[in-house]
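Here's the letter readout for the chains.
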Amino acid sequence: MTDHVATQSHAPNGAWRDPALSAEARVDALIREMTLKEKTAQLYGVWVGASDEGAEVAPHQHDMEEPADLDDLLPDGLGQLTRPFGTAPVDPALGALSLMRTQARIAAANRFGIPAVAHEECLAGFAAWGATAYPVPLSWGATFDPALVREMAAAIGRDLRAVGVHQGLAPVLDVVRDARWGRVEETIGEDPYLVGTIATAYVQGLESAGVVATLKHFAGYSASRAGRNLAPVGMGARELADVILPPFEMAVREGGARSVMHAYTDTDGLPSAADERLLTGLLRDTWGFSGTVVADYFGIAFLKTLHGVAGTFGEAAGAALAAGVDVELPTVKTFGAPLLDAVRQGHVAEELVDRAVRRVLLQKARLGLLDPDWSPVPPALRGADTTADPDTLRGTVDLDPAANRELARRLADRAVVLLRNDGTLPLDPRTPRRIALIGPHAEAPTAVLGCYSFPVHVGGQHPSTPLGIDLPTLRESLGAEFPDAEVLVARGTGVDDGGTEGFAEALALARRADVVVAALGDRAGLFGRGTSGEGCDAESLVLPGAQERLLDALLDTGTPVVTTLLTGRPYALGRAADESAAILQAFFPGEAGTAAIASVLSGRTAPSGRLPVSVPRHPGAQPSTYLAARLGHRSEVSSIDPTPAFGFGHGLTYTTFHWSDLAVEDTEVPTDGAVRLALTVTNTGDRAGTELVQLYLHDPVASVVQPVQRLVGYVRLDLAPGERRRLHAVVPADLASFTGRTGTRLVEPGELELRLSASSTDPRLTARVTLTGPVRQVDHGRRLHADFEIRPDAVH
């Protein structure tokens, strides 16, 4: 045990300061100099809040614990600073100054001059006051556009780094298994391939800016029973391997993520935080992950308090360390005194501490935090006089510049999904008309924001503080988009208050109008304070409160109703699914969301979003996703029909497309080969539009039960009126692999169908092929994607 005090003369200028040495050599030299207490200090964070006056951060007084004593902790060092910007409203420049001064204090207080890693939430943009609020991840999925998501993530990363933040706690790679779960809005969708490709693009973007991306929640969190947050998970090994894990594997292999966050849940009785097979055997030994594993907030302590697999906090710390957790977040509880005592008493091997601290320090070395020229001054404050009156800096850092706002708008434009249209849309803005805008979201500025956006997540606790960003209401955006229209507004009812007192006024306006825009949906919140968000799980998928009753009453007026949804999950719409003149679905589309909706209503923007989750026909048919085996679909032996009203991948446009001329190069390919096919897509309408070609794989006979179909590729095609393109695809047999009876991943010979579809419920062309040769075992080196090529002309 190395619970000693190294001499001061060795510490400041040891070999670990030499940038000519490898990061590994530097870190090994540093660890040899450290006491046990100094090593464990690198393994936890402290929850703090930056000062709006530029002073040092203050420990956060939060619900779970008493604030930490920095004077007591800092002489030994500190691993992380938790959410300095995301704890209270702080001017970005003064927050950066506060963080800078705190980092200088941390480095000065410990013998080695090591600063902390600062982390923040960035699920739908940097969760800081005044920062751009982008669409939530479910909207990223609706774009089916990894390149655009990568661009957004890079912008988020640049903003984080500019003010001194090193790590972002995003993206969420949980695959939706039950839409009643409150955190559906944080996910990308119900298909692992869509989740994997979009999340990997986000990781690539964030990491390109030098910010550590954190994959969460590893693994199985979204599969909790009955969609209840933090409920037990009871899935089998094959569902875990073939549905839950592939997005994480893709993000590790292709994204370069440098951190992973364990899930809160237990799977079949084993909590993720104590699962060595998951966090070490699979993640590190098989996939080759070399970064840090961080705890979800308070997750290590939960091994004692919630899971009951540890009798003391020391036992919880030992179990998590042994499993492969390196950093306790958000604050010190188990990796402090309890871990020290457990090591000193011989209950936890010091080698486990050394293993974790080496990973932490390697990450700090690669972030430049161990370099001799490290400076606490973040890029946003370089050149500023940080010794002058801090108030002179106020307003000098812009986290919502015009480029960000334009990017947020492009994402929102591509994320709006047109579910139904009888020809009512688009509404010609040149034609004067009377529009009745009715519903709880008609004049609610935060209706476009998810649970982890700053104005909702933190701003709600500070009602006197301005929102910090421009959030036009739907009424304002409709007024701007339709300047010659008369917009009549009535709330009708609240999101979830159940009141019907406003129905009479709303229905009277509807009868006077030429068209009704029904503005309905969710209110994001935390732990029951909203209808969507963490801890806001739904008993059924009926629109909250009295909103469905209001919608039915509006349909009864006879005025065409455009049902417009601002939600964090899909909802069953009852009669409206068939009787609405049109339906627009927007999953919390961010600060530009109402403008994007108005633009689609007018036709200035052609709708191009597609559903990342199925919209149910019946509110109680859960859990249900398109990704189900035959017994998970409609049958004659159950009275519950899970057939959706609108399937995964569905979305209409303002034009029409024709798919034709499917050609398959060879209908027999070996199990280590690839299928080559091509088709032509033509825009047969009179408007430009986007078609999304989705490639699904159907395996009629396999050695274990398979989903009826699963997405294995997709490509967006932007086509002018009359334009056609020849799309070529190379589909490796690896994409047909699945986890077999022995737990290994196999490609089996036999017949397959490759369905080229406009959605999971709308196949257009089918290629029937046969895989030949022996059963082939594949591993984590298998190919993960089909290759698509769009030819510049229609010759074929």
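The model shown is predicted, which means the values in this text are computed figures rather than measured ones.

In this structure, A219 follows F218 across a cis peptide bond, with omega equal to 0°. If you trace the backbone, A219 turns up in the loop between β6 (212–218) and α8 (237–244). Backbone torsion omega between L329 and P330 reads 5°, so that peptide bond is classified as cis. Tracing the chain through its elements places P330 in the loop between α12 (313–323) and α13 (337–344). Even without being glycine, F298 reaches a positive phi, approximately 65°. Here F298 lies in the loop between β10 (292–294) and α11 (299–305). Judged by relative accessible area, F298 falls into the buried class, the value being 10%. Non-glycine residue D661 carries a positive phi angle of around 55°. Its place among the elements puts D661 in strand β19 (residues 657–664).

Looking now at the packing of helix α6 (residues 146–162) against helix α15 (residues 402–415). Put simply, α6 and α15 touch, their axes get as near as 10 Å, and they point 150° apart. For the element pair α6 / α15, the angle class is roughly antiparallel. Crossing geometry of α6 relative to α15 is assigned as left-handed. Here L148, V149, E151, M152, A155 and D159 of α6 lie close against α15, whose contacting residues are N404, L407, R410, L411 and R414. Counted by class, the contact of α6 with α15 contains 6 nonpolar, 1 polar and 4 charged residues.

Here we come to the packing of α12 against helix α14 (residues 350–366). Contact geometry of α12 with α14 gives a least axis separation of 9 Å together with a crossing angle of 60°. Our classification of the angle between α12 and α14 gives oblique. Between α12 and α14 lies a crossing whose hand is left-handed. Along the contact surface, α12 presents L321, A322 and A323, while α14 presents L352, V353, R355 and A356. Its residues assigned to classes, the contact of α12 with α14 comprises 6 nonpolar, no polar and 1 charged.

Moving on: the environment of L550. Following the sequence through the fold, L550 ends up in helix α19 (residues 547–556). On the basis of relative accessibility, which here comes to 0%, the residue L550 falls in the buried class. For the pair L550 and Q204, spaced 346 residues apart in sequence, the C-alpha separation works out to 44 Å.

To continue, consider the environment of G647. By secondary structure assignment, the location of G647 is in the loop between β18 (644–646) and β19. Each C-alpha atom of the pair G647 and A319 lies 43 Å from the other, and the pair is 328 residues apart in sequence. Apart from residues no more than four positions distant in its own chain, G647 is found in contact with L611, S614, S760 and T761.

Turning next to the side chain of R359. By the secondary structure assignment, R359 is in helix α14. Dropping the residues within four chain positions of it, R359 is found in contact with R284, G291, T292, G324 and D326.

Another point: the pattern of salt bridges. A complete count under the given rule lists 44 salt bridges for this structure. In this structure, R183 engages E534 in a salt bridge whose closest nitrogen and oxygen atoms are separated by 3.2 Å. Taken together, the positions of R183 in the loop between β5 (167–168) and α7 (192–208) and E534 in the loop between β14 (515–521) and α19 put the pair 351 residues apart, joining distant regions of the chain. In this structure, E753 and R768 form a salt bridge, with 3.7 Å as the shortest nitrogen-oxygen distance. Remark: R768 occurs in strand β28 (residues 762–772) and E753 occurs in strand β27 (residues 750–759); sequence separation between them is 15 residues. According to the relative accessible area criterion, E753 is buried, its value standing at 16%. Through salt bridges with shared partners, a single network forms among R610, E691, D762 and R764.

Moving on, we get to α13. Considered for burial, the residues of α13 that qualify are L339, L340, A342 and V343. The arc enclosing the buried residues of α13, seen along the axis, measures out at 165°, which places them on a common side. Those residues of α13 that are buried are in contact with α2 (36–41), α12 and α14. Two residues or fewer after α13 comes G346, characterised by a positive phi angle close to 80°.

Time to look at the nonpolar core. In terms of nonpolar packing, the biggest core is built from 227 residues, with Y202 and F218 touching the most fellow members. In terms of residues, this core owes the most to one element, α7, which gives 8 residues. Core analysis: the second largest hydrophobic core is formed by 31 residues, L677, L697, L752 and L765 among them.

Further remarks concern the packing of aromatic side chains. As enumerated under the stated definition, the model contains 14 aromatic pairs in all. Ring centres of W140 and Y202 lie 4.8 Å apart, and the angle between their planes is 10°; this geometry places the pair in the stacked category. One end of the pair, W140, is in helix α5 (residues 137–143); the other, Y202, is in helix α7, with 62 residues separating them in the sequence. By relative accessible area, Y202 is classed as buried at 0%. Taking the centre distance of 5.4 Å and the plane angle of 45° together, the rings of Y264 and F302 count as tilted. Residue Y264 is found in the loop between β7 (259–262) and β8 (266–267), and its partner F302 is found in helix α11; the two are separated by 38 residues along the sequence. Judged by its relative accessible area of 10%, Y264 is buried. Taking the relative accessible area as the measure of exposure, F302 reaches 10% and is therefore buried. Counting every residue linked through ring pairs, the aromatic cluster contains F144, Y193, Y626, F648, Y696 and Y714. When the ring centre of Y452 is taken as reference, the NZ or CZ atom of K216 above it lies at 5.8 Å. One Lys or Arg, R764, reaches over the ring of W659 and ends 5.2 Å from the middle of that ring.

How each quantity is defined
In this numbering scheme, every chain counts its residues from 1 along its sequence in written order. For this predicted model, a pLDDT threshold of at least 70 governs which residues receive local features, and a threshold of 80 or more governs which side-chain atom pairs are given and counted, while totals over whole chains, interfaces and linings are taken from all residues. As a convention, hydrogens and water are excluded, and side-chain values are obtained from all of the structure's heavy atoms. Numbering of helices and strands starts at the N terminus; helices are DSSP runs of H or I of at least 4 residues and strands are runs of E of at least 2. Classification of residues uses two cut-offs on accessible area relative to the type maximum, computed with a 1.4 Å probe and protein chains only: under 20% is buried, over 50% is exposed, and between them is partly exposed. What counts as an axis is a line fitted to C-alpha atoms, over the stretch in contact for a helix, and the angles between N-to-C directions run from 0 to 180 degrees. The labels follow the angle: roughly parallel below 35 degrees, roughly antiparallel above 145, roughly perpendicular from 65 to 115, and oblique for the rest. Crossing handedness is defined as follows: a turn of the near helix away from the far one that is anticlockwise and smaller than a right angle gives a left-handed crossing, while the clockwise case is right-handed. Whether two residues are in contact is decided by their heavy atoms, any of which lying within 4.5 Å being enough. Nonpolar residues are Ala, Val, Leu, Ile, Met, Phe, Trp, Tyr, Cys and Pro. Charged residues are Asp, Glu, Lys and Arg, and all others, Gly as well, are polar. What makes a salt bridge here is a side-chain nitrogen of Lys or Arg within 4 Å of a carboxyl oxygen of Asp or Glu, nothing more. Summarising the geometry, the arc corresponds to the directions from the helix axis toward the C-beta atoms. Buried residues of nine kinds, namely Ala, Val, Leu, Ile, Met, Phe, Trp, Tyr and Cys, make up a nonpolar core once their side-chain atoms join them within 4.5 Å. Stacked, edge-to-face and tilted labels apply to pairs of Phe, Tyr and Trp rings (six-membered ring for Trp) whose centres lie within 6.5 Å, assigned for plane angles under 30 degrees, over 60, and everything in between, in that order. Charge over a ring is defined by NZ of Lys or CZ of Arg lying within 6 Å of the ring centre and within 35 degrees of the ring normal.

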